Amino acid sequence: MNFAPFVRYVVVPIVISFSFSIDISVDAQNILLRNWNYYINTQSPSNPNLINLKTHASYFDYFIQSKINIWDGLSIKANTYLALDQNFSINPEELYVSIQTLQGLFWDYGKKKIAWGKSFGWNIFNIFDSNNKFQTFRLNYDNYSNIEWFMNKDLAISYIEDIDINSKAIKVHSSIFDCDIDLAAFRQNDINSLGITGAKNIGEDLVAYFEAVAKGVNNLYYPQYLGSDIYVWGNKNSNFWPQYLIGCQYTTPENYNLFFEYFYNSLGLDDNDVDAYNKGIEASLSGGKYLNDSPYKAFMFNNLSYYQFNKFRRNYLFFMISKDEILPNISLSTATYYSIDEKCMLVLPNLEYRINNYSLLSCLFYIPVGANDSEYRRFYNLYIQTTLKIEF
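Residues numbered from 1 in each chain as written. Predicted model: local features only at pLDDT ≥ 70, side-chain atom pairs only at ≥ 80, totals over all residues. Heavy atoms only, no water.

**Q** Looking at this structure, how should I read the overall build of the chain?
**A** A count of helical and extended segments in the chain gives three helices and 24 strands. A separation threshold of at least 6 residues defines the contact pool for the chain, and within that pool the share at least 24 residues apart is 50%. (Helix = DSSP H or I, 4+ residues; strand = E, 2+ residues; numbered from the N terminus. Contact = heavy atoms within 4.5 Å.)

Encoded structure:
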């Protein structure tokens, strides 16, 4: 199957960072990071991917982090990217006002990162930012109105409204029998969902956790065959779509950190869906049929926007092992995503070297393993992200 006409390019940064702090009259702290970006990609011409990287590229940008405390209970926080490539751009990743009105009651308004959930490999409980640590895309956060009320050490209530896309959620956090429990109700794009997440320490070295979300959706589209070599994205007859995750973290006596997670995703494609998906792409590419206004063009348009990181299929495993100072000044971690349905892996070794008290060099490798038409080989190449951070 030839995906070459639909190769897309993803920017993955290699970063050199410089930071410093400045105090100004309103008690502010600013950090300036200078980023040098360079990308390395290896790919066989016989296996082009739907999501692709440039062979190599570089540019500069700056990251400015600021927090201004105006008076007790009122502050402004901003994280901003200034990109110095062909077109100069200012990109405010986070920019919000934080106000403490009463004891334990906070209100944040503006662009903000929302951190909900317990898991490491996925984040199904957080509808506002379902990405995870290993995604290469840097996203802008939406504008939120976020109210948090910490009633006591065992009970807190949060309400969030996404101003940009009309999403709302309310979450209740409590501690029951030494188990941290969050209950939430969501409404996003006219989709109602209920979620629960929890975590419990078992002894001193083991933490067990889970996340579960039930979505009430009746307009999800999947690849279907209509006959006469025509494939479309049709609606499935269901309005209940569960997702759940169970996992644990264990620290060995030698200070190795081990993570394990299983993720079930009913929203992903099953074997019949994947068969129709592949045949639909093949039919659309044959003879350039997708170039004309036809069902083939519509099928390819929807196909290119369907993929979500590690949510393409239904059953996944996640493993990770990490160790600080495995050798003097050297830390190592290796994360692995495994698709049970497609029997393929994405392996992510990360090596960090502490040059001195002010400099840190790291290399993160993305290594897809599996058949050419499997999920990770279909959407990812082998590439390297390198970061050099210098603080002073």
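Once you've had a look at it, read on.
**Q** Hey, could you run me through the nonpolar core in this one?
**A** Taken as a class, soluble globular proteins show a tendency for nonpolar side chains to be buried jointly. Judged by nonpolar contacts, the single largest core of 53 residues is most densely connected at Trp-116, Trp-122, Phe-128, Phe-312 and Tyr-337. Per element, the largest residue contribution to this core is six residues, and it comes from helix 1 (residues 271–285). (Core = buried A, V, L, I, M, F, W, Y, C linked by side-chain atoms within 4.5 Å. Buried < 20%, exposed > 50% of the residue type's maximum accessible area, 1.4 Å probe, protein only.)

**Q** Sorry if this is basic, but what is going on with the pairing of strand 14 (residues 191–202) here?
**A** A regular strand places its side chains so that they alternate between the two faces of the sheet. Two elements, strand 13 (residues 179–188) and strand 14, share ten bridges in a ladder whose sense is antiparallel. Bridged to Ile-181 within strand 14 is Gly-198. Count of turn residues in the strand 13/strand 14 antiparallel hairpin: two residues, of which Asn-189 carries a positive phi of about 50°. Note: strand 14 against strand 15 (residues 206–216), eleven bridges, orientation antiparallel. The residue of strand 15 that forms the bridge with Lys-200 is Ala-208. The loop that links strand 14 with its antiparallel partner strand 15 comprises three residues; one of these, Gly-203, has a positive phi angle of about 75°. (Pairing = 2+ DSSP bridges.)

**Q** Looking at this structure, I do not really get the side chain of Ser-374. What am I missing?
**A** Secondary-structure assignment places Ser-374 in the loop between strand 23 (359–369) and helix 3 (375–379). Residues in contact with Ser-374, not counting those within four places in the same chain, are Glu-342 and Cys-344.

**Q** Hey, could you run me through the pattern of salt bridges in this one?
**A** Note that side chains of opposite charge can pair when their charged atoms are close. Under the counting rule described, the total for this entry stands at six salt bridges. Between Lys-118 and Asp-182 there is a salt bridge whose closest N-O contact spans 3.9 Å. With Lys-118 in the loop between strand 9 (105–111) and strand 10 (143–152) and Asp-182 in strand 13, the pair connects residues that are 64 residues apart, well separated along the chain. Judged by its relative accessible area of 25%, Lys-118 falls in the partly exposed class. Owing to a relative accessible area of 5%, Asp-182 belongs among the buried residues under this scheme. For Arg-313, the salt bridge goes to Glu-342, with nearest N and O atoms at 2.8 Å. Placement of the pair is Arg-313 in the loop between helix 2 (295–304) and strand 20 (315–327) and Glu-342 in the loop between strand 21 (330–339) and strand 22 (344–356), with a sequence separation of 29 residues. (Salt bridge = Lys/Arg side-chain N within 4 Å of Asp/Glu carboxyl O.)

**Q** Is there a simple way to explain the packing of aromatic side chains in this structure?
**A** What describes a pair of aromatic rings is the distance from one ring centre to the other and the angle between the planes of the rings. All told, the structure shown has 22 aromatic pairs when counted by the stated rule. Taken together, a centroid distance of 5.3 Å and an interplanar angle of 70° make the contact between Tyr-277 and Phe-312 edge-to-face. Pair noted here: Tyr-277 is in helix 1 and Phe-312 is in the loop between helix 2 and strand 20, with a separation of 35 residues, a long-range link. Exposure class is identical for Tyr-277 and Phe-312. Each is buried. Three or more aromatic residues link up through ring pairs in this structure, and these residues are Phe-120, Trp-122, Phe-259, Phe-263, Tyr-316, Phe-318 and Tyr-337. We note Lys-112 situated over the ring of Tyr-96; from NZ or CZ to the ring centre the distance is 5.4 Å. A cation sits over an aromatic face here: Lys-323 above Tyr-256, 5.6 Å from the ring centre. (Phe/Tyr/Trp six-rings, centres within 6.5 Å; stacked < 30°, edge-to-face > 60°. Lys NZ or Arg CZ within 6 Å of the ring centre and 35° of its normal.)

**Q** How do you make sense of the confidence of the model for the chain when you look at a structure like this?
**A** As a general rule, the predicted coordinates of low-pLDDT regions are not to be interpreted in detail. In the predicted model, the chain carries a mean pLDDT of 76, and 74% of its residues have values of at least 70. Within the chain, no element has a lower average pLDDT than strand 1 (residues 8–9), which sits at 36, and none a higher one than strand 19 (residues 256–265), at 95. Overall, residues 1–60 carries pLDDT values under 50, and its contacts beyond four positions in sequence, including any with other chains, amount to 181 contacts. (pLDDT = per-residue confidence, 0-100.)

**Q** What is the right way to look at helix 1 in this model?
**A** Two residues of an α-helix separated by three or four positions point the same way, owing to the 3.6 residues in each turn. Counted at 1.5 Å a residue, the expected span for helix 1 with its 15 residues is 21 Å, and the 21 Å between its end C-alpha atoms agrees. Within the span of helix 1, buried status applies to Asp-273, Val-274, Ala-276, Tyr-277, Asn-278, Gly-280, Ile-281, Ala-283, Ser-284 and Leu-285. Trailing helix 1 by a residue or two, Gly-287 shows a phi angle of about 70°, which is positive. (Expected span 1.5 Å × (residues − 1).)

**Q** Explain the side chain of Arg-314 here, please?
**A** Within the secondary structure, Arg-314 is located in the loop between helix 2 and strand 20. No salt bridge is formed by the buried Arg-314; its nearest oppositely charged neighbour, Asp-270, is found at 4.2 Å. A distance of 3.5 Å separates a polar side-chain atom of Arg-314 from the backbone oxygen of Ser-266. Beyond its immediate stretch of four places on either side in the chain, Arg-314 contacts Lys-236, Phe-263, Tyr-264, Asn-265, Ser-266, Gly-268, Leu-269, Asp-270 and Asp-341. (Lys, Arg positive; Asp, Glu negative; His and termini not counted. Polar contact = N/O pair within 3.5 Å; in protein donor to acceptor, adjacent residues only side chain to side chain.)

**Q** Could you clarify how one ought to interpret the environment of Ile-176 in this entry?
**A** Position of Ile-176 relative to the elements: it lies in strand 12 (residues 167–176). A sequence separation of 22 residues divides Ile-176 from Asp-154, and the C-alpha atoms of the two residues are 8.1 Å apart.

**Q** Looking at this model, I keep getting lost on the pairing of strand 16 (residues 221–227). Mind explaining?
**A** For strand 16 and strand 17 (residues 230–235), the ladder comprises six bridges, and the chain directions are antiparallel. Looking at strand 17, one finds that Tyr-221 is bridged to Asn-235. Counted along the chain from strand 16 to the antiparallel partner strand 17, the turn is two residues long, and its residue Ser-228 has a positive phi close to 55°.

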